[in-house]
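Inside the fold
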Amino acid sequence: MPKTNEALERTYDLAGIRELKMKEIHKPSAFEGGLWTALGIKDAMVIFHSPPGCFINQCQGVLMHEYVFDLYTTSLTYANVMQGAEGRLEEVLRKIVAKKPKLIIIVTSPVAEITGDDIEGVVEKVGYKNCLIFHPPIGGTLHEGRDKSLITLTELMDPKAKKVDKSVNLIGSFFGTFNWRADVFELKRMLSCIGIKVNAVLTGGTLTQEIINAPAASLNICAYPYDCGIKAAKVMEKKFNIPYLANHVPIGFKESAAWVEEIADFFKVDASTYLKEEIMSAYDLIQSFMVLPITFESSVALSLDNNDTYAVGISSFFKKELGMEISMAAVETKAAAEKVKEVCDNVLVSPTIDEKREQFQEKSPLMIMGNFYDIKIAKELGFSNYLFADIPTMGHQTTEANPFMGFMGAKNLIQHTVNQIYVNIFLETKGGMEEAISFGVVEWDLDARKAFIKVADMIPHFIKAIAVRKLQKKAEEIALQKGTKITMEIIRQVTDQYTPTKFKSKFLSALKEDKEAPEAEAPPEVVKFTMPWDAAAKAAIEKAPKEIQAMAVSGTEDFAREKGYQEVTEQVMNKFKKETGMG
């Protein structure tokens, strides 16, 4: 006899089906945090104390976005779990000890944590010197697992390590983090340019001896401060008297310069010549016709809740330096959310995939950055512009060549963002206009239909499909709420509320009655000089896009008055650009 709806609902409740959300399928936990921390140590052998199913899942997860690794398992059976797995662990551990590795790390699985195996007793019995045990917290997040594992690694460190002058440890660059190799490569490059040596990277691509000698560094730098590393830095400060810095996220030109300056100040190193070269190179790129005219007021959704540091850094860079609108940002923690809210009023904390889908539909961003699940949704919804920026990636190749951090990272982000948007002006959405408009859901007034087609014809090709779908959806929602057809009044309302500022006057002109002359598109604001400017400074302003010249003049003069300058010179302009991250 078939079950009633009520009986089915009761069955689902008991089975926990209603609690199973897409977020839980793709979200790495503390156990991945422990494993990936261990696997980042190149000469370590890692034992995952787990049943074979857990081991296979972890191998699949790591192989999606990493190179080779050395991972073993105790392959626990049901009998092992029920009767005690210490014997099985001892057997596997002795086989690994016979290989005489530099370091053995045992990472416990949830099963081993629940059964309470005496892992410490087994390690003591076998008696291998360099053997550590990572106990990831049950129910913990990816970064909680990493933090706890980093703290465990401090047990291996030598407090008597001889100090290395002008050296640092980079904490938080991990095997398994999206783009970590490229970020480490760029951070090392920047530090070497000001004479600072990287003593150890904890733990991406490091060696056991480097971890042992980590106390030799004069300073710890938390490279991913909104994810993990600060807790371990505090432990190392207490145990080894090493101070740490975690104030800046080196993403974008301004924050990368601030990151370098803070480190240079700590070591009393002059970084001005190096920073001037980097800033001049950045300024040349920003002045390109292909940057601000494309990025300014373009909208982007950041689905980066496995990498809060990226969410904080990229959102600030895009908004403050490229003029982009952050239409939505997904993060993991409240601390990251509060920081991202400085540039975005729509921040989701640990959302489900369905919640992200709703926001993509609601906000219709010009570009989305996220992981494999996000790109799957983006393609289903018809979004053409997408960049990978988070895990999982399902096999996305990353190398040292394309960082997101540092000066090269800022250029790389600009390059990929501009190219992704610009190429679709001509290739991906052009000619798809007629297909995007459908009038079959809610009845339309004839005038409203004609006006909507006029508006659609004026929308730039590279955002046409998405923008038309959004305007149509909003018009239908309003009409259904009012219980009416879609009228001219409704079309005016959605056009006014949901179109970018720089296109608004042009769109609204299409809604005038035919007998009225359409409004001319608003010209750029007139440039007004209220202070003396030298010839070089005026020439520099004239090179900027006309749409921002008035704003640039006003901002520069405000800065000059605040600093007590009587005239705006090219030197004053450069100081203003540096302070605002544009030069």
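Small disclaimer: the values here were computed from a predicted structure and weren't measured. (Residues numbered from 1 in each chain as written. Predicted model: local features only at pLDDT ≥ 70, side-chain atom pairs only at ≥ 80, totals over all residues. Heavy atoms only, no water.)

1. Quick look at the overall build of the protein
Here is the rule: Only DSSP runs of H or I with at least four residues qualify as helices, and only runs of E with at least two residues qualify as strands; both kinds are numbered from the N terminus onward. When a residue's accessible area, from a 1.4 Å probe over protein chains only, is under 20% of the maximum for its type it is buried; when over 50% it is exposed; and in between it is partly exposed. Reported accessibility uses the Shrake-Rupley method at a 1.4 Å probe radius. Residues are deemed covered only where the shown protein chains occlude them.
On a plain count of helices and strands, the protein comes out with 28 helices and 13 strands. Expressed as a percentage of the 583 residues in the protein, the buried residues total 52%. Split by element, the accessible area of the protein, about 27,300 Å² in all, is 53% carbon and sulfur.

2. Quick word on the pattern of salt bridges
Operational definition: Salt bridges are defined as contacts in which a side-chain nitrogen from Lys or Arg sits within 4 Å of a carboxyl oxygen from Asp or Glu.
Here the structure, examined in full by the defined rule, presents 21 salt bridges. The closest approach of N and O atoms between Arg94 and Glu90, which form a salt bridge, is 3.0 Å. Here Arg94 and its partner Glu90 are both found in helix H6 (residues 86-97), 4 residues apart, which amounts to about one turn of the helix. The class for Arg94 is partly exposed, based on a relative accessible area of 40%. Taking relative accessible area as the criterion, Glu90 reaches 17% and is therefore assigned buried. The partner of Lys339 in a salt bridge is Glu342, with the nearest N and O atoms 3.6 Å apart. Connected through salt bridges with shared partners, the residues Lys27, Asp305, Glu332, Lys356 and Asp374 form a single ionic network.

3. Some thoughts on the packing of aromatic side chains
Each aromatic ring pair is described using two quantities: the centre-to-centre distance and the angle formed by the ring planes. Test applied: Aromatic pairs are defined between Phe, Tyr and Trp rings, using the six-membered ring for Trp, whenever the two ring centres lie within 6.5 Å; interplanar angles under 30 degrees are classed as stacked, those over 60 as edge-to-face, and all others as tilted.
Scanning all chains against the criterion turns up 11 aromatic pairs. Between Tyr224 and Tyr310 the ring centres are 6.4 Å apart and the planes differ by 35°, which places this aromatic pair in the tilted class. A residue pair is termed long-range when its members are at least 10 positions apart, and Tyr224 in the loop between strand E7 (219-222) and helix H12 (230-240) and Tyr310 in helix H16 (residues 308-322) qualify at 86 residues. Of the two residues examined, Tyr224 and Tyr310, each falls in the buried class. Taken together, a centroid distance of 5.2 Å and an interplanar angle of 50° make the contact between Trp444 and Phe452 tilted. Residues Trp444 and Phe452 agree in their burial class; the two are buried. Feature note: the residues Phe178, Tyr224, Tyr310 and Phe404 constitute an aromatic cluster, connected by ring pairs.

4. Observations concerning the sheet that holds strand E6 (residues 197-202)
Here is the rule we go by: Think of it this way: DSSP has to see at least two bridges between two strands before they count as a pair. By definition in these notes, contact holds between two residues if any of their heavy atoms fall within 4.5 Å. Here, axes are lines fitted to C-alpha atoms. For helices the fit covers the stretch in contact, and angles between N-to-C directions go from 0 to 180 degrees.
Spatially, E6-E5-E7-E8 is the arrangement adopted by the 4 strands of the open sheet, whose pairing is parallel. At either end of the open sheet lies a strand with only one pairing partner, and these are E6 and strand E8 (244-245). Pairing analysis gives 2 bridges linking E7 to E8, with the strands arranged parallel. Bridging across to E8, Asn220 finds its partner in Tyr244. Along the sheet face, helix H10 (residues 180-193) touches strand E5 (167-171) and E6 and points at about 160° away from the line of E6. Sheet strands in contact with helix H13 (residues 253-267) are E5, E7 and E8, and its direction is about 170° off that of E7.

5. Description of the confidence of the model for the protein
Defined as follows: Each residue carries a pLDDT value, the predictor's own confidence for that position, ranging from 0 to 100.
When the pLDDT values of the protein are averaged, the result is 83; 82% of them are 70 or greater. Below pLDDT 50 for its whole length, residues 1-24 participates in 14 contacts with residues either more than four positions away or in separate chains. Confidence drops under pLDDT 50 across residues 513-522; counting only partners more than four residues distant or on other chains, this segment forms 9 contacts.

6. Some points on the packing of H10 against H13
Worth spelling out the cut-off: Roughly parallel refers to an angle under 35 degrees, roughly antiparallel to one over 145, roughly perpendicular to one between 65 and 115, and oblique to any angle outside these ranges. Two helices that cross are described as forming a left-handed crossing if the nearer one is turned anticlockwise from the farther one by less than a right angle, and a right-handed crossing if clockwise. Residue type decides the class: Asp, Glu, Lys and Arg count as charged, Ala, Val, Leu, Ile, Met, Phe, Trp, Tyr, Cys and Pro as nonpolar, and the leftover types, Gly among them, as polar.
H13 packs onto H10 with a crossing angle of 50° between their chain directions and a minimal axis gap of 11 Å. By the angle between their axes, H10 is oblique relative to H13. Of the two elements, H10 crosses H13, and the hand of that crossing is right-handed. Where H10 approaches H13, its residues Leu187, Met190 and Leu191 are matched on the opposing element by Trp259, Val260 and Ile263. For the contact of H10 with H13, a count of residues per class yields 6 nonpolar, no polar and no charged.

7. Section: the packing of H13 against helix H14 (residues 272-286)
Contact geometry for H13 and H14: axes closest at 11 Å, N-to-C directions at 175°. Considered as vectors, H13 and H14 are oriented roughly antiparallel to each other. Taking contact as the criterion, the partners of Phe253, Ala257, Val260 and Glu261 in H13 are, on H14, Tyr274, Leu275, Ile279, Ala282, Leu285 and Ile286. Considering only residue class, the contact of H13 with H14 consists of 9 nonpolar, no polar and 1 charged.

8. A word on the sheet that holds strand E13 (residues 386-388)
If you trace the 5 strands from one edge of the open sheet to the other, you get E11-E10-E9-E12-E13, paired in parallel fashion. Two strands in the sheet have a free side with no partner beyond their single neighbour: strand E11 (347-349) and E13. In this sheet, adjacent strand axes meet at a mean angle of 10° when their direction is disregarded. The pairing of strand E9 (residues 299-303) with strand E12 (residues 367-370) spans 3 bridges and is classified as parallel. Pairing of Ala301 across the sheet is with Ile368, part of E12. Set on the sheet, helix H18 (residues 353-363) makes contact with E9, strand E10 (325-331), E11 and E12; between it and E10 the angle comes to about 175°. Against the sheet, helix H19 (residues 372-381) engages E9, E12 and E13, with an angle of about 170° to E13.

9. Re the state of the cysteines
Which entries qualify depends on this criterion: We call a pair of cysteine sulfur atoms a disulfide when they lie within 2.5 Å.
Per the counting criterion, the structure on display carries 0 disulfides. Cysteine Cys228 remains unbridged, with the sulfur of Cys222 as its closest cysteine sulfur at 8.7 Å. Taking the relative accessible area as the measure of exposure, Cys228 reaches 3% and is therefore buried.

10. Considerations on the environment of Phe407
You can see Phe407 is positioned in helix H20 (residues 406-426). Expressed as a C-alpha distance, the spacing of Phe407 and Leu275, which sit 132 residues apart in the sequence, is 9.8 Å. Beyond its immediate chain neighbours, meaning those up to four positions away, Phe407 contacts Glu186, Arg189, Met190, Phe253, Ser256, Ala257, Val260, Tyr274, Leu275, Glu278 and Ile279.

11. Let's talk about the side chain of Asp374
Looking at the element boundaries, Asp374 is found in helix H19. Not counting chain neighbours up to four residues away, the residues in contact with Asp374 comprise Ser303, Ile353, Lys356, Phe360 and Tyr386.

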